[in-house]
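Listed below, chain by chain, are the residues.
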Amino acid sequence: IIDCCNELSGLITSNSEFDFFISTTAQLNSGNTTNINVSGRYLLIGGNIIITNPPASGILIDITTSCVLVDLGGICIDANNLVDIVFNIQNQSNVIIRNGTISNVNQNAIFINNSNNVLLQNLVIENVTGGDAILIQNSTNITIDNVTIL
């Protein structure tokens, strides 16, 4: 991960070092796609979540800008077989997703398309049906570090 994300991939030692927070209860279970459209460091807060009110688009989190770090903070996102894609990354660069679990997804836990410099780190992905846990298309410099797929 290069350029603007050098600072993002460093050790973050407290919540005050994050730019934005995503509430697992208020945002991820709202029935809408959570759009990340501003560069920065995001932390999921609110504890483990079982999705009961999925977005109509089937995409839970859509990353539509470059230079983004999403830290799951050890949280488990259980898509409850109601979500097609948990993280959608298309036409972006310098994206990091790390530190959590994604389970029970219908299609792809993480979909990466036409993107570069993406790091997936310290993740567990389990019980993905109807697709691939991680689907990468037309992308370069994708790093998968300490990711377990069950």
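Only a predicted model underlies this, so the values are computations on that prediction, with no experimental measurement involved. (Residues numbered from 1 in each chain as written. Predicted model: local features only at pLDDT ≥ 70, side-chain atom pairs only at ≥ 80, totals over all residues. Heavy atoms only, no water.)

Enquirer: Looking at this model, I keep getting lost on the pattern of salt bridges. Mind explaining?
Expert: It is possible for side chains bearing opposite charge to pair when their charged atoms get close. Throughout the structure, instances matching the rule amount to 2 salt bridges. Two residues, Arg41 and Asp19, come together in a salt bridge whose shortest N-O distance is 3.0 Å. Here Arg41 is found in strand E3 (residues 40-45), whereas its partner Asp19 is found in the segment before strand E1 (20-23), with 22 residues between them in sequence. Exposure remark for Arg41: the relative accessible area of 19% places this residue in the buried category. Its relative accessible area of 38% is what places Asp19 among the partly exposed residues. (Salt bridge = Lys/Arg side-chain N within 4 Å of Asp/Glu carboxyl O. Helix = DSSP H or I, 4+ residues; strand = E, 2+ residues; numbered from the N terminus. Buried < 20%, exposed > 50% of the residue type's maximum accessible area, 1.4 Å probe, protein only.)

Enquirer: Honestly, the side chain of Thr34 in this entry has me stumped. Any pointers?
Expert: Along the polypeptide, Thr34 turns up in strand E2 (residues 34-36). Residue class for Thr34 comes out buried when judged on its relative accessible area of 8%. Sequence-distant contacts of Thr34, defined by excluding residues within four places in its chain, comprise Ile22, Gln27, Leu28, Leu60, Ile61 and Asp62. (Contact = heavy atoms within 4.5 Å.)

Enquirer: Looking at this structure, how should I read the packing of aromatic side chains?
Expert: Within a pair of aromatic rings, the relevant descriptors are the distance that separates the centres and the angle that separates the planes. Summed over the entire model, instances satisfying the criterion amount to 1 aromatic pair. An angle of 25° between the planes, with centres 4.7 Å apart, marks the rings of Phe20 and Tyr42 as stacked. Of this pair, Phe20 sits in strand E1 while Tyr42 sits in strand E3, and the two are 22 residues apart along the sequence. (Phe/Tyr/Trp six-rings, centres within 6.5 Å; stacked < 30°, edge-to-face > 60°.)

Enquirer: I would appreciate a short explanation of unusual backbone geometry in the present structure.
Expert: The general pattern is negative phi for most residues beyond glycine and trans for most peptide bonds. The phi angle at Asn94 is positive, at roughly 60°, despite the residue not being glycine. Relative to the assigned elements, Asn94 resides in strand E9 (residues 93-105).

Enquirer: Quick question: what am I supposed to make of the pairing of strand E11 (residues 116-128) here?
Expert: Pairing between E9 and E11: 10 bridges, direction parallel. Bridging across to E11, Ile97 finds its partner in Leu120. Bridge analysis of E11 against strand E13 (residues 140-149) gives 8 bridges, and the strand direction is parallel. Along E13, the bridge assignment pairs Val124 with Thr148. (Pairing = 2+ DSSP bridges.)

Enquirer: Help me out: how do you make sense of the sheet that holds strand E8 (residues 85-90) in this one?
Expert: One key point about sheets: their strands pair by backbone hydrogen bonds, in either a parallel or an antiparallel sense. The strand order E2-E5-E8-E10-E12 describes an open sheet built from 5 strands, whose pairing is parallel. The open sheet terminates on both sides in strands that have one partner only, identified here as E2 and strand E12 (134-137). Each strand of the sheet is rotated relative to its neighbour by a mean of 15°, with strand direction disregarded. Where strand E10 (residues 108-113) and E12 come together, 4 bridges link them in parallel fashion. By the bridge assignment for E12, Ile112 is matched with Ile136. (Axes fitted to C-alpha atoms, helices over the stretch in contact; angles between N-to-C directions.)

Enquirer: What is the right way to look at the nonpolar core in this model?
Expert: Considering soluble globular proteins, one finds that nonpolar side chains tend to be buried as a cluster. Counting 34 residues, the largest nonpolar core has Ile63, Phe87 and Ile110 as its most contacted members. Sorting the residues of this core by element identifies E3, strand E5 (59-63), strand E6 (68-71), E8, E9, E10 and E11 as the ones contributing at least two each. (Core = buried A, V, L, I, M, F, W, Y, C linked by side-chain atoms within 4.5 Å.)

Enquirer: Help me out: how do you make sense of the environment of Ser139 in this one?
Expert: Structurally, Ser139 can be placed in the loop between E12 and E13. If near-sequence neighbours (up to four positions away) are discounted, Ser139 is found in contact with Ile112, Asn113, Asn114 and Ser115. One polar contact links the side chain of Ser139 to the main-chain amide nitrogen of Asn114, over a distance of 3.2 Å. Within the local environment of Ser139, its side chain forms a polar contact with the backbone nitrogen of Ser115, the two atoms lying 3.0 Å apart. (Polar contact = N/O pair within 3.5 Å; in protein donor to acceptor, adjacent residues only side chain to side chain.)

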